[in-house]
Amino acid sequence: MSQFLLDLRFCVRRTDGYVSDIWRVSTTHLGDFHLATDSIAGSEKYSFNKSGMCRSAHTGAEGAPAGLRDRAGFRWRRAVTPPRGSGKASRVAWIAFPTDYLSRPIAEDDADIVWIDAAPACGATYVEIAIAAEPEQNIRSVVDIVQDRTLVRCAALPHGETLVIFCYYADWENKDLRVPGHGAVADVSFSADDPLAAGRPLRHRFGPAPTDGEAVLLLEMGGVAVTN
Amino acid sequence: MTENVRRIIHVDMDAFYASVEQRDDPALRGRPVAVGGQPGERGVVAASSYEARAFGVRSAMPMARALRLCPELVIVRPDFQRYRAVSQCILEIFRSCTPLVEPLSLDEAYLDVTVNRWGEPLATPVAKQLKQRIREATRLTASAGVAPNKFLAKIASGWHKPDGLTVISPGRVEAFLQQLPVGALWGVGPVTAGKLRKIGIERLVEVRTADPDLLRRAVGGLADTLQRLASGDDPRPVVPDRPYKSSSSENTYNEDLLALDAIRAEIERMARQNAAWLERKELLARTVTIKVRYADFITLTRSHTAAAPTRDPGEIVARALTLLDRTEAGRRPIRLLGAGVHGLAPSDAAAGFPGVLKFED
């Protein structure tokens, strides 16, 4: 038997092939679920325990990556799932992928990946993950009438809740960023124009630490190391 | 599960009246300009150029004060016919994109572009194109705010001025709200902001956790709306051809008025104007209001609401004069008078109302 009930990988892709990082959503037989992607510090992982406790962490195949003494990031308690029949879901994570900051692909297409079409230029693709006490059939019927949201996947959790992943497009103000390396490492420039034509090979996520009751909110952008 | 994402744009022309004047008179370009009445006539600033704003000159400021702040100020009399013509041109640009255009005044409007005639799936390219078309057609700049609702779009359009474009994506709403003072809330003017500060609310987000009873005591029926807006929730639709809510007129006098007969004559003249406006628009009004500003700038309003709406000039004048009796007119010098009608109803709403009178301050 597989360790996971759901093991989904998704990636946002533009028509010209530019992509986001590949993200993985998995659910366990215990009712926990995880959201993860690879990063320069190993695997970046967000765990949502059935009890409601959540935590972020950097993990590697052999535990904490070298250089990270404590692999735990932050901990919080997710919002209580609205009761069945309320017609509501509780958002646990949302990730914004600004279209003009996607990156040139470095790997071949993978048939096991769910490809999500990117929003048009000046937009962002939001992927949202929510938990509902409704059965999958009810969720599908609701999402069908919410025209601007596309259901990516519904997955029943063992304790009767349902994990819902959907996406939609929103406007995005393209504001370039430059993360200083303070001389120790190169600065990283996140630019919609990609003036070095590097294809924004460094993908990075920004977001505040969630507090109790909040969802994880991440912004993923592609950048390039610059020396001056 | 979740509400539909709406794509709302608020477009605000930059220093509109003053910019039109600077556009049409090259001698005014680069100079501090105020559109409004002359200081000797106790005029007020209707609009000021950005050069004038650098000196602290603001709309609604007495022109005499504006001149003290900026002695180089060039004062231009307003030409509303010309402003209306430019405004009409801008509205046509808006309506080429969407029929859901809600003008707020000559120089600002909301647009709902969730579905639009240009076939753009997002609002940001629409806003960019609107700004460009306005610039090409009028040689004027506009600032735009893009957001999921009207409240946020309006705040966004004022975020970067002039010629700005600010986009508030759904995931950025909370971070945006965290930065705002309570005065940024729709419906919160200086007086209400003062009341909120008195109960310890300085920042917009603090309204969310305020004690509902305390909030209601401070701002009355506005409390629920403010709590909703403070969470970034504003379901108000963009309403094209919004019906009239009121009409009023006011006048600041070159010399203070002290003679009661003259004051009554002025109130009567304005009340008759209100009645004539109701006649033209085929409307009736339930509420008559007057405004009095004494020479020391203390301002008060008095209003009278009747159950039966009317546009009868005699009745409106009589009610306005009755309200005037509840002021110190004739005993204190007055610099400004105003009269207005509110609580409008269509002409066919007159039948069946008992004649109950209720006075409100």
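Computed from a predicted structure; not experimentally measured.

### Quick look at the overall build of chain A
Scanning chain A from terminus to terminus reveals 1 helix and 15 strands. For chain A, buried positions account for 36% of its 228 residues. Sequence separation of 24 or more characterises 53% of the internal contacts of chain A that already satisfy a separation of 6 or more.

### Observations regarding the confidence of the model for chain B
Residues and elements named next belong to chain B. For chain B, the mean per-residue pLDDT works out to 89, and 95% of the residues sit at or above 70. Within chain B, the element-level pLDDT minimum falls on strand 13 (residues 357-360), averaging 35, and the maximum on strand 1 (residues 8-13), averaging 98. Interface predicted TM-score (ipTM) for the complex: 0.79; the corresponding pTM is 0.78.

### Re the sheet that holds strand 8 (residues 165-167) of chain B
Residues and elements named next belong to chain B. Strand order in the open sheet formed by 5 strands is 5-6-1-7-8, and the pairing between neighbours is mixed. Bordering the open sheet on either side are strand 5 (101-105) and strand 8, each of which pairs with just one other strand. Adjacent strand axes in the sheet meet at a mean angle of 15°, parallel and antiparallel pairs treated alike. Those strands touched by helix 6 (residues 150-157) are strand 1, strand 6 (108-112), strand 7 (142-147) and strand 8, and its axis lies near 145° from that of strand 7.

### Examining the sheet that holds strand 3 (residues 45-48) of chain B
Residues and elements named next belong to chain B. In space, the 3 strands of this open sheet follow the order 3-2-4, with mixed pairing throughout. Strands with a single pairing partner mark the edges of an open sheet, and in this sheet they are strand 3 and strand 4 (74-76). Sheet twist, expressed as the mean angle between neighbouring strand axes with direction ignored, is 30°. Alignment of strand 2 (residues 33-36) against strand 4, held across 3 bridges, turns out to be parallel. Considered in strand 4, the bridge of V33 is made with V74. Against the sheet, helix 1 (residues 16-24) touches strand 2, strand 3 and strand 4, its axis set at about 115° to strand 2.

### A few points about the packing of helix 11 (residues 260-281) of chain B against helix 12 (residues 313-324) of chain B
All names here are of chain B. At a minimum axis separation of 9 Å, helix 11 and helix 12 run at an interaxial angle of 140°. As summarised for this structure, helix 11 and helix 12 are arranged oblique, according to the angle between their axes. The crossing of helix 11 and helix 12 is right-handed. Across the interface between the two elements, I263, R264, I267, E268, A271, R272, N274 and A275 of helix 11 pack against P313, I316, V317, A320, L321 and L324 of helix 12. Tallied by class, residues from the contact of helix 11 with helix 12 come to 10 nonpolar, 1 polar and 3 charged.

Cut-offs used in this document
Residues numbered from 1 in each chain as written. Chains lettered and ligands numbered in written order. Predicted model: local features only at pLDDT ≥ 70, side-chain atom pairs only at ≥ 80, totals over all residues. Helix = DSSP H or I, 4+ residues; strand = E, 2+ residues; numbered from the N terminus. Buried ≥ 20, exposed ≤ 12 C-beta atoms within 10 Å, placed from the backbone. Contact = placed C-beta atoms within 7 Å. pLDDT = per-residue confidence, 0-100. Pairing = 2+ DSSP bridges. Axes fitted to C-alpha atoms, helices over the stretch in contact; angles between N-to-C directions. Parallel < 35°, antiparallel > 145°, perpendicular 65-115°, else oblique. Left-handed = near helix turned anticlockwise from the far one by under 90°. Nonpolar A, V, L, I, M, F, W, Y, C, P; charged D, E, K, R; others polar.

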